[in-house]
Amino acid sequence: MRPGIRLQLLVALGTLLVLAFLPLFFAVVSLHRASMAGVIPTAPLVRLLALYMGIFALALLVFMYLAMTRLVVDPIERLSRAAGRVAEGARRLELPRAGARELAELADSVARMTERLRADEESLRVKIDEATRYAKELERAQERLVRSERLASVGRLAAGLAHEIGNPIAALLGFEELLLAGGLDEADQRDFLQRMKGETERIHGILRDLLDFARPATSVRGGRAPEIGGSLAQAIDAALALVKPQKALRDVAITLDVDKHLPLVALSEERLVQVLLNLLLNAADAVPKPGGRIDLVARRAPEGVRVEVHDNGPGVAPAIRDRLFEPFTTTKEIGKGTGLGLAVCRGLLESVGGSIGVEHGEEGAGARFSFTVPLAAKDLS
Ligand code: ADP
């Protein structure tokens, strides 16, 4: 077993004191005798003694310096260098061999601590690897989900289309059979043809809406705002002029809060009217009559221009909130709604980098649709 610092210092100091004080003792005794006998003058002997004491003090200093260096400072420096190597990435702590027992024990504890830290680091690395793997799996699962969601909306699109077009086609077939069977007078024939025209127009309207929905998706990629933009203020005027005469809006109060100096936006006026019309007609369908209210606000926003259409209807039905902007999402009866309006609006706005959303307030607090359109390229200053 290694001796401790205290013992080593005690032994070394004891030896030094014996070596130093034994001659000193004999020197003092001789000096005493000499002075008693008056044989030799004492003054040089006293000087000799003082010199001896000085040399002894110096030797003690040097000894203490060397002993502390060997016993304490060197081992600590070696330990600190070894710890430094571990900090720089060495796998193991190389323990200093020399030194006192206490320092060897300290080095052992540091080595054990290093081992434990290494083990913790290893298990942490394993956990991080695991977490990274899970994150990747999650990402893949999310991609799969998005893909299946897309497929589901394609399925819903096809189902909705079949449903929407199926009814007028069935009606058309019925009329055609009646016409082919013959025996109808001219007035009936005319009436049937008139109705067939109506049904054909319905199919035409659905297909046009569908094309509107599909077209922006193909031109989204460019992402640049067109050079010539539309005026929102004029589009709002035009949309209101179109909706005001509508029966659905006769008992509805519309309030406007439109910034007078709105810059041109990146969507043509015609498209803006289409978006506004859809939001206003939906709101008109939803509000109570009488007592219906629609508030329209248009303001500058960091993204360009922001328009809000807020009504005092019952709000969007919870059942369709998740897929509100998907094609053929509707709560309206057949013939009244196709469920394409909001999908078309989203397509148009996203094609120029805009967006559309809805806020659902308290139950019965109405729906608050809002959309943003970026500024037209020449107004981007
Ligand atoms: P459509 O009007 O042909 O049904 P939309 O895409 O325009 O198609 O609207 C989809 C559905 O969203 C509507 O059927 C209706 O249920 C709901 N909706 C839209 N606007 C509102 C509104 N302001 N308040 C309540 N529900 C709304």
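See the structure printed just above.
Below you will find a few notes about this structure. (Residues numbered from 1 in each chain as written. Predicted model: local features only at pLDDT ≥ 70, side-chain atom pairs only at ≥ 80, totals over all residues. Heavy atoms only, no water.)

Now for the pattern of salt bridges. The tally for this structure, following the rule as stated, stands at 12 salt bridges. Salt-bridge contacts for Asp257 lead to Arg299; the nearest nitrogen and oxygen are separated by 2.8 Å. Of this pair, Asp257 sits in strand S1 (residues 252-258) while Arg299 sits in strand S2 (residues 292-301), placing them 42 residues apart in sequence. Classification of Asp257 by relative accessible area gives partly exposed; the value is 33%. (Salt bridge = Lys/Arg side-chain N within 4 Å of Asp/Glu carboxyl O. Helix = DSSP H or I, 4+ residues; strand = E, 2+ residues; numbered from the N terminus. Buried < 20%, exposed > 50% of the residue type's maximum accessible area, 1.4 Å probe, protein only.)

Turning our eyes to something else, we now look at the pairing of S2. Pairing analysis gives seven bridges linking S1 to S2, with the strands arranged parallel. Following the sheet pairing, Thr255 is matched in S2 by Asp295. Running through helix H6 (residues 269-286), the crossover from S1 to the neighbouring parallel element S2 is left-handed. Of the strand pairs in this sheet, S2 and strand S3 (residues 304-311) are connected by eight bridges, and their pairing is antiparallel. Bridging from a neighbouring strand, Ala301 pairs with Gly304 of S3. The antiparallel pairing of S2 with S3 creates a hairpin that spans two residues between the two strands. (Pairing = 2+ DSSP bridges. Right-handed = clockwise from strand over helix to strand, strands pointing away.)

Attention shifts here to a nonpolar patch on the surface. Residues Leu58, Leu61, Val62, Tyr65 and Leu66 make up a contiguous nonpolar surface patch of roughly 570 Å² in combined accessible area. Inspection of the secondary structure assignment puts Leu66 in helix H2 (residues 43-87). (Patch = residues over 30% accessible without salt bridge, like charges linked within 9 Å, V, L, I, M, F, W, Y side chains within 5 Å. Areas by Shrake-Rupley, 256 points an atom, 1.4 Å probe, with all protein chains shown as cover.)

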